[in-house]
Amino acid sequence: MASPVLGPAGQPVATATPNASLDLRAHGLLRVGPVYANRSPAELTEIALARGEGLLAYRGALAAYTGARTGRSPKDRYVIAEPGKKDEIWWGPSNQPMEPSAFERLHEKVTRYLQGPDLFVNDGFACAHPKYQLKVRVIADKAWHALFSHCLFLRPDPHAPSHFVPDVTILDASGLLADPKTDGTRSEVFIALHLARRLVLIGGTQYAGEIKKSVFSLLNYLMPQRGVFPMHCSANTNATGDTALFFGLSGTGKTTLSADPERNLIGDDEHGWSDDGVFNFEGGCYAKTIHLSAEGEPQIWNAIRFGCVLENVVLDPWTRQPDYDDARYTENTRAAYPVDYIDNCELLGRGGHPSQVIFLTCDAFGVLPPLSRLTLDQALYHFLSGYTAKVAGTEAGVTEPSATFSTCFAAPFLPLHPTRYAELLGDRLRTYGSQVWLVNTGWTGGSFGQGHRIELRYTRSMVRAILNGSLADVPVTPDAIFGVLIPSSCHGVPTELLQPRSTWKNQTEYEAKARKLADLFQANFKTYAGSVSEAVRTAGPRMI
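Conventions and cut-offs
Residue numbers restart at each chain and count upward from 1, following the sequence in its written direction. Local features are withheld for residues below a pLDDT of 70 in this predicted model, meaning they are given only at 70 or higher, and side-chain atom pairs are given and counted only at 80 or more; totals for whole chains, interfaces and linings count all residues. Hydrogens are left out, water is left out, and the side-chain values use all remaining heavy atoms of the structure. Two strands are said to pair when DSSP picks up at least two bridges between them. By the criteria applied, helices consist of DSSP H or I runs no shorter than four residues and strands consist of E runs no shorter than two, each listed in order from the N terminus. Helix axes are fitted to C-alpha atoms over the stretch in contact, other axes to C-alpha atoms as well, and angles between N-to-C directions run from 0 to 180 degrees. Relative accessibility decides the category of a residue: with a 1.4 Å probe and only protein chains considered, values under 20% of the type maximum give buried, values over 50% give exposed, and everything between is partly exposed. Polar contact is the term for a pair of N or O atoms within 3.5 Å; when the atoms are in protein, one must be able to donate a hydrogen and the other to accept it, and sequence-neighboring residues count only if both atoms are side-chain atoms. By the convention used here, residues are in contact when the closest approach between their heavy atoms is within 4.5 Å. By convention, a stacked pair of Phe, Tyr or Trp rings (six-membered ring in the case of Trp) has centres within 6.5 Å and planes under 30 degrees apart, an edge-to-face pair has planes over 60 apart, and any other such pair is tilted. To sit over a ring, a charge needs its Lys NZ or Arg CZ within 6 Å of the ring centre and within 35 degrees of the ring normal. Multiplying 1.5 Å by the residue count of a helix minus one yields the expected span of that helix. A carboxyl oxygen of Asp or Glu within 4 Å of a side-chain nitrogen of Lys or Arg is what we treat as a salt bridge.

### Looking at the sheet that holds strand β19 (residues 309-311)
Thought 1: The strand order across the open sheet built from 5 strands is β4-β5-β19-β22-β18, with neighbouring strands paired in mixed fashion. Two strands bound the open sheet, and with one partner strand each, they are β4 (54-56) and β18 (284-288). Taken pair by pair, the neighbouring strands of this sheet meet at an average axis angle of 20 degrees, ignoring direction.
Thought 2: Note that strand β5 (residues 62-64) and β19 share 3 bridges and pair parallel. Paired with Ala63 across the two strands is Leu310, which belongs to β19.

This is the structure in structure tokens:
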């Protein structure tokens with residue numbers, strides 16, 4: 001046995017040694033460099049720091065930086081369809097076709113690249129329900145990507161037998177740039193999903209979110225074949241098993257509102273709804289941290305500690321305290337941590353059939369009600385629409401909010417046509433009688449630049465009222481333009497806030513903004529009009 005390395009004071013210094021026995025030939029890798037497989041968060045943190053991959057933040061999180069790519073690259077995503085199933089894929093900007101021969105050339109390029117450098121392997125699982133569980137292997141060229149994978153996927157028992165044959169493999173060559181001329185890609189970045197082989201190639205980007213979202217995309221393809229409705233939503237439950245779902249695009253409050261001290265968190269982002277109930281696809285959370293505060297989001301704040309990853313978060317150079325208000329690298333700052341870092345998480349990752357389903361939107365036009373109930377047809381209309389809005393940027397002359405429609409609240413991750421997922425949602429809502437709500441976490445009293453963001457405490461009160469059943473007998477009034485049903489009152493919320501029209505000083509301006517958004521809804525929905533019933537088609541805004 002080799003003698004331990006000694007530090008300055010004579011104490012032993014831990015050194016990571018490669019896994020000599022791990023055979024990666026099944027993945028096309030005849031290894032030259034060392035392989036570090038299934039290391040603990042402590043080892044991966046040490047290795048990442050030694051390799052200069054990041055900094056140690058206050059309370060021990062690893063702070064890593066992704067360089068130019070600080071978010072997903074949806075235009076650089078390619079899909080290789082299964083033989084005979086090409087017509088099932090929803091081809092478009094997020095699902096660009098790649099010929100099998102082109103994938104093979106790219107695969108060979110990736111495996112050549114991964115022969116030499118240190119490699120980091122993380123074996124985990126997707127799907128908390130044993131019946132649907134898949135083994136996921138990530139082979140990465142960065143230690144912090146392995147730590148990220150350890151946080152995000154379900155973790156095997158470290159004392160269990162180590163034999164692991166993956167169902168899904170991700171080759172994460174973040175330092176490898178594609179050549180568009182020879183590789184047939186749009187840019188130097190590529191995320192290529194081979195559906196038949198359940199193999200993902202990632203290159204040209206260090207943004208770790210591509211790893212988790214690639215697996216989610218595969219699950220969105222595989223789960224419907226097994227009768228499971230895959231969902232881009234968070235979920236929580238209470239002591240009696242009463243489960244709630246929160247659908248929403250980035251920045252609408254999906255993670256924030258599901259992390260509730262009075263309920264147990266099942267998961268913050270990806271779930272399946274089977275005949276047995278709801279189950280988490282993941283073992284961790286990937287929370288946005290811009291403007292994070294201990295007062296506003298205490299559970300997420302407390303989860304950021306040793307063993308987690310901070311992505312593109314600015315640190316104070318002396319104290320190493322994260323500055324969550326500093327967006328110099330990106331507004332899309334993130335924290336990845338195991339779900340059990342949330343004190344009241346549901347360790348089994350499962351819940352019953354949801355009684356309440358909440359669609360979250362951040363309406364920067366300031367015209368959607370903060371709280372409204374949806375009929376079944378309205379629920380399917382808004383699910384297929386997947387609306388939120390982005391605020392005006394700093395570019396000269398840009399003063400209007402920008403509407404974003406991401407169907408099923410998950411457009412970049414859907415290999416199948418959106419109506420396939422809407423059918424699954426409709427079946428579940430009819431079978432289990434779940435009530436659907438639309439909660440606007442955006443602006444009131446005017447659009448962005450004139451009004452103000454709805455206070456989080458009021459949104460929390462609305463969600464609490466939905467979940468405790470206190471809105472069940474409250475009278476509702478249809479919105480004159482959007483048709484959604486607005487409760488007349490909600491405990492803890494000013495009554496005037498519930499009716500967006502009443503919060504605007506200029507009624508003519510409100511009417512113009514509301515009709516503009518209604519027009520945008522109708523124009524967007526033309527994509528799906530021919531694939532849904534008349535009842536769903538007419539469940540959107542009313543142009544009167």
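### Considering the side chain of Asn332
Thought 1: Here Asn332 shows up in the loop between β21 (322-323) and β22 (334-338).
Thought 2: On the basis of relative accessibility, which here comes to 14%, the residue Asn332 falls in the buried class.
Thought 3: Of note is the side chain of Asn332, whose polar atom sits 3.1 Å from the backbone oxygen of Thr70.
Thought 4: For Asn332, the contacting residues outside a window of four places in its chain are Thr70, Gly71, Tyr207 and Lys288.

### Observations regarding the packing of aromatic side chains
Aromatic ring pairs are defined here through the distance separating the ring centres and the angle between the ring planes.
Thought 1: Using the criterion set out here, one finds 27 aromatic pairs in the structure.
Thought 2: A ring pair is formed by Phe229 and Phe383, whose centres lie 6.0 Å apart and whose planes are at 75 degrees; its orientation type is edge-to-face. Taken as a pair, Phe229 in strand β13 (residues 229-237) and Phe383 in helix α8 (residues 376-385) lie far apart in primary sequence, 154 residues in all.
Thought 3: What makes Phe229 buried here is its relative accessible area of 0%.
Thought 4: Ring geometry for Trp443 and Phe448: centres 5.4 Å apart, planes at 80 degrees, overall edge-to-face.
Thought 5: Within the aromatic cluster, the residues linked to one another by ring pairs are Tyr381, Tyr387, Phe405, Phe482, Phe521, Phe525 and Tyr528.
Thought 6: Taking NZ or CZ as reference, Lys213 lies 4.6 Å from the ring centre of Phe413, over its face.
Thought 7: In this structure, Arg305 is placed above the aromatic ring of Tyr341, and the distance from its NZ or CZ to the ring centre is 4.1 Å.

### Notes on helix α5 (residues 209-222)
Thought 1: Across its 14 residues, α5 extends 20 Å between first and last C-alpha, which sits within 8% of the 20 Å expected from 1.5 Å per residue.
Thought 2: Most of α5 sits out of view: 14 of its 14 residues are buried.

### So, the pattern of salt bridges
Thought 1: For the structure shown, the criterion picks out 25 salt bridges.
Thought 2: Of the charged contacts in the structure, one is a salt bridge between Glu534 and Arg537, with a shortest N-O distance of 2.5 Å. Here the residue Glu534 and the residue Arg537 both occupy positions in helix α14 (residues 534-537), the gap between them amounting to 3 residues, near one helical turn.
Thought 3: Residue classification places Glu534 among the partly exposed positions, given a relative accessible area of 47%.
Thought 4: Note on Arg537: relative accessible area 32%, which makes it partly exposed.
Thought 5: One salt-bridge network, held together by shared partners, links Lys212, Lys213, Lys254, Asp269, Glu270 and Glu282.

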